[in-house]
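Secondary and tertiary structure notes
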Amino acid sequence: MAENQSKNDPIPGKVVKVMVDEILRKNNVKPEQVKNNISNEQRQMLKEMVEDLKTQVDQFNQGEKDTTKTDK
Amino acid sequence: MIEVDPDTSVSQGADQYSFMDQESAEMIWVKESCNIRVDSRDTQVALSLQASLQLAVALVLNVAIADSGQSKAISQELFQHFNSDQINKQKIYIYNTKDATVSTRDTDIAVNIQVLLQVLVTLVVMIDIL
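The structure displayed is predicted, hence computed values, not measured ones.

1. Section: the overall build of chain A
- Within chain A, the secondary structure is distributed over three helices and zero strands.
- For chain A, the succession of helices and strands along the chain, N to C, is α-α-α.
- Counting over 72 residues, chain A shows a buried share of 11%.

2. Re the overall build of chain B
- Summing up its helical and strand segments, chain B has three helices and four strands in all.
- If you list the helices and strands of chain B from N to C, you get β-β-α-α-β-β-α.
- When burial is assessed residue by residue, chain B has 28% of its 130 residues classed as buried.
- Sequence-distant contacts in chain B: of pairs separated by 6 or more residues, those separated by 24 or more amount to 77%.

3. Concerning the interface of chain A and chain B
- Across the contact, 37 residues belong to chain A and 41 residues belong to chain B.
- Those elements that place two or more of their residues in the side of chain A that touches chain B are helix H1 (13-26), helix H2 (31-34) and helix H3 (40-66) of chain A.
- When residues in the side of chain A that touches chain B are grouped by element, the largest group, 13 residues, is from H3 of chain A.

4. As for the nonpolar core
- Counting residues in each nonpolar core, the largest one holds 33 residues, and the members touching the most others are Val-57 and Leu-120 of chain B.
- Breaking this core down by element, the ones donating at least two residues are H1 and H3 of chain A together with helix H1 (41-64), helix H2 (68-82) and helix H3 (107-126) of chain B.
- Considering each element in turn, this core owes the most residues, eleven residues, to H3 of chain B.

5. A look at H2 of chain B
All names here are of chain B.
- Look at H2: 21 Å from first C-alpha to last across 15 residues, which is about the 21 Å you get at 1.5 Å a residue.
- Within the span of H2, buried status applies to Ser-71, Ile-74, Ser-75, Leu-78 and Phe-82. Burial along H2 is one-sided: seen end-on, the buried residues are contained in an arc of 95°. In H2, the exposed residues that point more than 90 degrees away from the buried face are Gly-69, Gln-76 and Gln-80.

6. Focus on the pairing of strand E4 (residues 98-103) of chain B
Residue and element names in this part refer to chain B.
- Of all the six residues making up E4, zero are buried; the element is thus mostly uncovered.
- With five bridges joining them, strand E2 (residues 34-39) and E4 adopt parallel strand pairing. Considered in E4, the bridge of Ile-36 is made with Ala-100.

7. Observations regarding the confidence of the model for chain B
All names here are of chain B.
- Within chain B, residue pLDDT values average 78, and 78% of them lie at 70 or more.
- Per-element averaging of pLDDT across chain B places strand E1 (residues 23-31) at the bottom with 79 and E4 at the top with 89.
- Every residue in residues 11-21 scores below 50 in pLDDT, and together they form two contacts with partners more than four places removed in sequence or on other chains.
- Interface confidence for the predicted complex, expressed as ipTM, amounts to 0.78; the pTM equals 0.72.

8. Comments concerning the packing of H1 of chain A against H2 of chain B
- Across the interface, H1 of chain A lies against H2 of chain B with an axial gap of 10 Å and an inter-helix angle of 150°. In the crossing of H1 of chain A with H2 of chain B, the sense of the turn from one axis to the other is right-handed. Contact with H1 of chain A, carried on its side by Met-19, Val-20, Ile-23 and Leu-24 of chain A, involves Ile-74, Glu-77, Leu-78 and His-81 of chain B of H2 of chain B and no other residues of that element.
- Taken together, the residues of the contact of H1 of chain A with H2 of chain B sort by class into six nonpolar, one polar and one charged.

9. Some remarks on the environment of Lys-54 of chain A
All names here are of chain A.
- On the secondary structure map, Lys-54 appears in helix H3.
- For Lys-54, a count of 16 C-beta atoms within 10 Å gives the class partly exposed.
- Separated by 45 residues in the primary sequence, Lys-54 and Asp-9 place their C-alpha atoms 13 Å from one another.

10. Things to note about the packing of H1 of chain B against H2 of chain B
Residue and element names in this part refer to chain B.
- H2 packs onto H1 with a crossing angle of 145° between their chain directions and a minimal axis gap of 9 Å. At the point where H1 passes H2, the crossing takes the right-handed sense. The residues of H2 that touch H1, namely those facing Gln-54, Val-57, Ala-58, Leu-61 and Asn-62, are Ser-68, Ser-71, Ile-74, Ser-75, Leu-78 and Phe-79.
- Among the residues making up the contact of H1 with H2, the classes are represented as six nonpolar, five polar and no charged.

Calculation rules
- Residues numbered from 1 in each chain as written.
- Chains lettered and ligands numbered in written order.
- Predicted model: local features only at pLDDT ≥ 70, side-chain atom pairs only at ≥ 80, totals over all residues.
- Helix = DSSP H or I, 4+ residues; strand = E, 2+ residues; numbered from the N terminus.
- Buried ≥ 20, exposed ≤ 12 C-beta atoms within 10 Å, placed from the backbone.
- Contact = placed C-beta atoms within 7 Å.
- Core = buried A, V, L, I, M, F, W, Y, C linked by C-beta atoms within 7 Å.
- Expected span 1.5 Å × (residues − 1).
- Arc of directions from axis to C-beta.
- Pairing = 2+ DSSP bridges.
- pLDDT = per-residue confidence, 0-100.
- Axes fitted to C-alpha atoms, helices over the stretch in contact; angles between N-to-C directions.
- Left-handed = near helix turned anticlockwise from the far one by under 90°.
- Nonpolar A, V, L, I, M, F, W, Y, C, P; charged D, E, K, R; others polar.

Listed below in C-alpha coordinates is the structure:
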(Lines give C-alpha, C1' and ligand atoms only; values in the text may rest on other atoms or scores of the structure.)
Protein backbone atom coordinates (compact mmCIF):
# COMPACT_ATOMS: atom_id res chain seq x y z
CA MET A 1 0.00 0.00 0.00
CA ALA A 2 2.58 2.54 1.07
CA GLU A 3 4.93 1.55 -1.71
CA ASN A 4 2.50 1.89 -4.55
CA GLN A 5 0.93 5.02 -3.16
CA SER A 6 1.81 7.47 -5.87
CA LYS A 7 4.67 9.01 -7.77
CA ASN A 8 3.87 12.54 -6.70
CA ASP A 9 4.77 11.96 -3.09
CA PRO A 10 7.11 14.71 -2.01
CA ILE A 11 9.26 12.31 0.02
CA PRO A 12 10.12 8.82 -1.18
CA GLY A 13 7.97 6.27 0.62
CA LYS A 14 11.00 4.37 1.88
CA VAL A 15 12.38 7.44 3.60
CA VAL A 16 9.14 8.03 5.45
CA LYS A 17 8.95 4.38 6.41
CA VAL A 18 12.46 4.28 7.82
CA MET A 19 11.84 7.49 9.70
CA VAL A 20 8.56 6.34 11.24
CA ASP A 21 10.09 2.95 12.01
CA GLU A 22 13.00 4.57 13.74
CA ILE A 23 10.86 6.89 15.83
CA LEU A 24 8.68 4.00 16.98
CA ARG A 25 11.72 1.89 17.77
CA LYS A 26 13.33 4.68 19.75
CA ASN A 27 10.20 4.95 21.84
CA ASN A 28 10.09 1.19 22.43
CA VAL A 29 6.95 0.65 20.44
CA LYS A 30 6.78 -2.55 18.45
CA PRO A 31 4.19 -2.49 15.66
CA GLU A 32 3.51 -6.23 16.12
CA GLN A 33 2.50 -5.67 19.75
CA VAL A 34 0.60 -2.49 19.07
CA LYS A 35 -1.60 -4.29 16.56
CA ASN A 36 -3.23 -6.20 19.37
CA ASN A 37 -4.27 -3.04 21.18
CA ILE A 38 -6.71 -2.11 18.48
CA SER A 39 -10.15 -3.62 18.37
CA ASN A 40 -11.76 -4.47 15.08
CA GLU A 41 -14.21 -1.65 15.54
CA GLN A 42 -11.45 0.88 16.05
CA ARG A 43 -9.58 -0.54 13.12
CA GLN A 44 -12.59 -0.03 10.90
CA MET A 45 -13.12 3.52 12.13
CA LEU A 46 -9.50 4.52 11.65
CA LYS A 47 -9.49 2.93 8.24
CA GLU A 48 -12.48 4.99 7.17
CA MET A 49 -10.92 8.11 8.61
CA VAL A 50 -7.69 7.63 6.68
CA GLU A 51 -9.52 6.87 3.47
CA ASP A 52 -11.67 9.96 3.90
CA LEU A 53 -8.63 12.14 4.40
CA LYS A 54 -6.96 10.60 1.40
CA THR A 55 -9.92 11.46 -0.77
CA GLN A 56 -9.90 15.01 0.54
CA VAL A 57 -6.21 15.46 -0.17
CA ASP A 58 -6.68 14.02 -3.65
CA GLN A 59 -9.52 16.39 -4.31
CA PHE A 60 -7.44 19.27 -3.08
CA ASN A 61 -4.57 18.35 -5.37
CA GLN A 62 -6.97 17.91 -8.24
CA GLY A 63 -8.14 21.48 -7.83
CA GLU A 64 -4.58 22.59 -8.26
CA LYS A 65 -4.46 21.24 -11.77
CA ASP A 66 -7.84 22.55 -12.82
CA THR A 67 -6.96 26.20 -13.04
CA THR A 68 -3.82 27.94 -14.00
CA LYS A 69 -2.50 29.43 -10.88
CA THR A 70 0.75 31.10 -10.16
CA ASP A 71 2.50 29.40 -7.30
CA LYS A 72 4.46 31.73 -5.17
CA MET B 1 28.71 36.28 8.18
CA ILE B 2 27.02 38.61 10.60
CA GLU B 3 29.21 40.92 12.57
CA VAL B 4 27.98 41.71 16.01
CA ASP B 5 28.93 44.94 17.62
CA PRO B 6 29.89 44.06 21.21
CA ASP B 7 28.32 47.29 22.43
CA THR B 8 24.92 46.46 21.14
CA SER B 9 22.43 45.10 23.50
CA VAL B 10 19.73 42.81 22.30
CA SER B 11 16.42 43.18 23.89
CA GLN B 12 13.49 40.93 23.41
CA GLY B 13 10.03 41.97 24.34
CA ALA B 14 8.06 39.94 26.76
CA ASP B 15 5.04 40.03 24.54
CA GLN B 16 5.91 37.30 22.11
CA TYR B 17 3.16 36.05 19.97
CA SER B 18 2.45 32.43 19.79
CA PHE B 19 0.88 31.08 16.68
CA MET B 20 0.09 27.61 15.56
CA ASP B 21 2.86 25.69 13.91
CA GLN B 22 2.14 27.11 10.58
CA GLU B 23 0.46 30.21 9.58
CA SER B 24 -0.61 31.62 6.36
CA ALA B 25 -1.52 35.23 6.21
CA GLU B 26 -3.02 36.91 3.25
CA MET B 27 -3.45 40.54 2.56
CA ILE B 28 -5.23 41.58 -0.54
CA TRP B 29 -5.77 45.14 -1.56
CA VAL B 30 -8.10 46.04 -4.33
CA LYS B 31 -7.95 49.63 -5.39
CA GLU B 32 -9.61 51.61 -8.13
CA SER B 33 -10.74 48.47 -9.82
CA CYS B 34 -13.95 46.79 -10.67
CA ASN B 35 -15.17 43.26 -11.11
CA ILE B 36 -12.36 41.58 -9.22
CA ARG B 37 -12.86 38.09 -7.87
CA VAL B 38 -10.64 36.95 -5.08
CA ASP B 39 -10.60 33.29 -4.26
CA SER B 40 -8.65 32.24 -1.21
CA ARG B 41 -10.60 29.07 -0.56
CA ASP B 42 -7.59 26.96 -1.43
CA THR B 43 -5.59 28.35 1.43
CA GLN B 44 -8.45 27.91 3.86
CA VAL B 45 -9.08 24.35 2.77
CA ALA B 46 -5.38 23.57 2.96
CA LEU B 47 -5.10 24.86 6.48
CA SER B 48 -8.00 22.83 7.74
CA LEU B 49 -6.81 19.74 5.89
CA GLN B 50 -3.45 20.12 7.52
CA ALA B 51 -5.03 20.35 10.94
CA SER B 52 -7.18 17.29 10.23
CA LEU B 53 -4.18 15.25 9.17
CA GLN B 54 -2.21 16.21 12.24
CA LEU B 55 -5.15 15.26 14.37
CA ALA B 56 -5.52 11.96 12.57
CA VAL B 57 -1.88 11.00 13.13
CA ALA B 58 -2.18 11.82 16.81
CA LEU B 59 -5.43 9.87 16.98
CA VAL B 60 -3.99 6.74 15.41
CA LEU B 61 -1.09 6.83 17.83
CA ASN B 62 -3.43 7.40 20.74
CA VAL B 63 -5.56 4.41 19.87
CA ALA B 64 -2.61 2.17 19.17
CA ILE B 65 -0.49 3.06 22.16
CA ALA B 66 -2.04 2.74 25.55
CA ASP B 67 0.43 4.97 27.34
CA SER B 68 -0.72 8.49 26.51
CA GLY B 69 2.59 10.06 27.45
CA GLN B 70 4.34 7.75 25.06
CA SER B 71 1.96 8.38 22.19
CA LYS B 72 2.30 12.11 22.73
CA ALA B 73 6.08 11.86 22.60
CA ILE B 74 5.92 9.92 19.37
CA SER B 75 3.53 12.27 17.63
CA GLN B 76 5.63 15.19 18.73
CA GLU B 77 8.71 13.61 17.28
CA LEU B 78 6.94 12.77 14.05
CA PHE B 79 5.73 16.32 13.59
CA GLN B 80 9.17 17.63 14.36
CA HIS B 81 10.54 15.76 11.39
CA PHE B 82 7.70 16.06 9.00
CA ASN B 83 6.08 19.37 9.64
CA SER B 84 7.57 22.36 8.00
CA ASP B 85 7.61 25.26 10.33
CA GLN B 86 6.98 28.18 8.18
CA ILE B 87 5.11 31.37 8.08
CA ASN B 88 3.88 32.63 4.79
CA LYS B 89 2.69 36.04 4.10
CA GLN B 90 1.19 36.91 0.80
CA LYS B 91 0.43 40.40 -0.20
CA ILE B 92 -1.50 41.03 -3.31
CA TYR B 93 -2.14 44.47 -4.65
CA ILE B 94 -4.61 45.03 -7.40
CA TYR B 95 -4.76 48.46 -8.91
CA ASN B 96 -6.60 49.94 -11.83
CA THR B 97 -7.85 46.62 -13.04
CA LYS B 98 -11.07 45.35 -14.45
CA ASP B 99 -12.43 41.82 -14.64
CA ALA B 100 -9.74 39.81 -12.95
CA THR B 101 -9.78 36.67 -10.84
CA VAL B 102 -7.17 36.07 -8.21
CA SER B 103 -6.72 32.68 -6.61
CA THR B 104 -4.27 32.21 -3.82
CA ARG B 105 -2.55 29.03 -2.86
CA ASP B 106 0.04 28.27 -0.28
CA THR B 107 2.51 25.88 -1.86
CA ASP B 108 4.26 25.05 1.37
CA ILE B 109 1.10 23.91 3.04
CA ALA B 110 0.13 21.94 -0.04
CA VAL B 111 3.39 20.01 0.19
CA ASN B 112 3.05 19.64 3.92
CA ILE B 113 -0.37 18.08 3.45
CA GLN B 114 1.10 15.50 1.10
CA VAL B 115 3.83 14.66 3.57
CA LEU B 116 1.43 14.36 6.48
CA LEU B 117 -0.77 12.05 4.48
CA GLN B 118 2.26 9.94 3.63
CA VAL B 119 3.16 9.66 7.30
CA LEU B 120 -0.40 8.79 8.23
CA VAL B 121 -0.66 6.08 5.59
CA THR B 122 2.74 4.64 6.48
CA LEU B 123 1.71 4.52 10.09
CA VAL B 124 -1.58 2.76 9.53
CA VAL B 125 -0.01 0.29 7.14
CA MET B 126 2.56 -0.47 9.78
CA ILE B 127 0.01 -1.25 12.43
CA ASP B 128 -2.15 -3.21 10.04
CA ILE B 129 -5.14 -0.94 9.74
CA LEU B 130 -5.01 -0.39 6.02
